[in-house]
Amino acid sequence: METPNTIMNMIAAGESKRLEFMDRGVSPESLGATICAFLNSGGGQILIGVRDDGTVQGGIEASQIVDMLRPLSGGDDGVSLITPNAIWDVTDEPTDDGPIVMIDVPAG
């Protein structure tokens, strides 16, 4: 978990080739595509609950995203939609506008 100041500094700096903002209503397909892009290009971080313009929506928790990602990473049947299988870190990040989620994706 990052400090609230670190998260707000990241948001203030804006999106980059290593940082992507996603709406809290992100689809599994869109999230999976972004994770794959980061896995194939040196890694990065995804902040969910932040609009493209940097407005913090909040109201999202890591458990929701972990449930969404389960089928991408092997799920209950062990068949991964992302291959080779990768490990990413999903954390709750507090902000003044409510919790957001950070996915830290390593280089693949």
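That block above? That's the structure.
Residues numbered from 1 in each chain as written. Predicted model: local features only at pLDDT ≥ 70, side-chain atom pairs only at ≥ 80, totals over all residues. Heavy atoms only, no water.

Chemist: Explain the overall build of the protein to me, and be specific about the residues and the numbers.
Modeler: Looking only at helices and strands, the protein has 3 helices and 4 strands in total. The buried share of the protein, reckoned over its 108 residues, is 42%. Put simply, of all contacts in the protein between residues at least 6 apart along the chain, 66% involve residues at least 24 apart. (Helix = DSSP H or I, 4+ residues; strand = E, 2+ residues; numbered from the N terminus. Buried < 20%, exposed > 50% of the residue type's maximum accessible area, 1.4 Å probe, protein only. Contact = heavy atoms within 4.5 Å.)

Chemist: Give a detailed account of a negative patch on the surface, specifying residues and quantitative values.
Modeler: There is a patch of like negative charges on the surface, built from E15, D23, D52 and D53. Note on placement: D23 falls in the loop between β1 (19–22) and α2 (28–39). On the basis of relative accessible area, D23 is assigned to the partly exposed category, the value being 37%. (Patch = residues over 30% accessible without salt bridge, like charges linked within 9 Å, V, L, I, M, F, W, Y side chains within 5 Å. Areas by Shrake-Rupley, 256 points an atom, 1.4 Å probe, with all protein chains shown as cover. Salt bridge = Lys/Arg side-chain N within 4 Å of Asp/Glu carboxyl O. Lys, Arg positive; Asp, Glu negative; His and termini not counted. Charge placed at Lys NZ, Arg CZ, Asp CG, Glu CD.)

Chemist: Give me the sheet that holds strand β2 (residues 44–48): which residues, what numbers.
Modeler: Here we have 4 strands laid out as an open sheet, ordered β1-β2-β4-β3, and mixed in their pairing. This sheet does not close on itself; its edge strands, each paired only once, are β1 and β3 (89–93). The average angle at which neighbouring strand axes cross in this sheet is 20°, direction not considered. Relative to β2, β1 runs parallel, the two sharing 4 bridges. By the bridge assignment, F21 is partnered in β2 with L47. On the sheet, helix α3 (residues 62–69) packs against β2, β3 and β4 (100–105) and is oriented at approximately 155° with respect to β3. (Pairing = 2+ DSSP bridges. Axes fitted to C-alpha atoms, helices over the stretch in contact; angles between N-to-C directions.)

Chemist: Could you give an account of α3, naming the residues involved and the relevant values?
Modeler: Because each turn of an α-helix spans 3.6 residues, side chains separated by three or four positions end up pointing in the same direction. Within the span of α3, buried status applies to A62, I65 and L69. One face of α3 carries all of its buried residues, which in axial projection span an arc of 65°. Looking at the buried positions of α3, the neighbouring elements they touch are α2, β2, β3 and β4. (Arc of directions from axis to C-beta.)

Chemist: Describe the side chain of Q57, with residues and values.
Modeler: Inspection of the secondary structure assignment puts Q57 in the loop between β2 and α3. At 2.9 Å, the side chain of Q57 and the backbone nitrogen of R24 are in polar contact. Apart from the residues within four sequence positions on either side, Q57 is in contact with D23, R24, G49, V50, R51 and D97. (Polar contact = N/O pair within 3.5 Å; in protein donor to acceptor, adjacent residues only side chain to side chain.)

Chemist: Talk me through the nonpolar core; I want residue IDs and the actual numbers.
Modeler: Residues L31, I46, I48, I65, L69 and I103 are the most contacted members of the largest nonpolar core, which totals 18 residues. When contributions to this core are tallied by element, the ones reaching two or more residues are α2, β2, α3 and β4. In terms of residue count, the dominant contributor to this core is α2 (4 residues). When near neighbours in sequence (up to four residues on either side) are disregarded, I46 contacts E20, M22, L31, T34, I35, F38, V101, M102, I103 and V105. (Core = buried A, V, L, I, M, F, W, Y, C linked by side-chain atoms within 4.5 Å.)

Chemist: Describe α2, naming the residues involved and giving the relevant values.
Modeler: Across its 12 residues, α2 extends 16 Å between first and last C-alpha, which sits within 8% of the 16 Å expected from 1.5 Å per residue. Looking at α2, one finds that the buried residues are L31, G32, T34, I35, F38 and L39. Seen along its axis, α2 keeps its buried residues to an arc of 165°; they face one direction. (Expected span 1.5 Å × (residues − 1).)

Any functional reading would require information beyond the geometric quantities listed.
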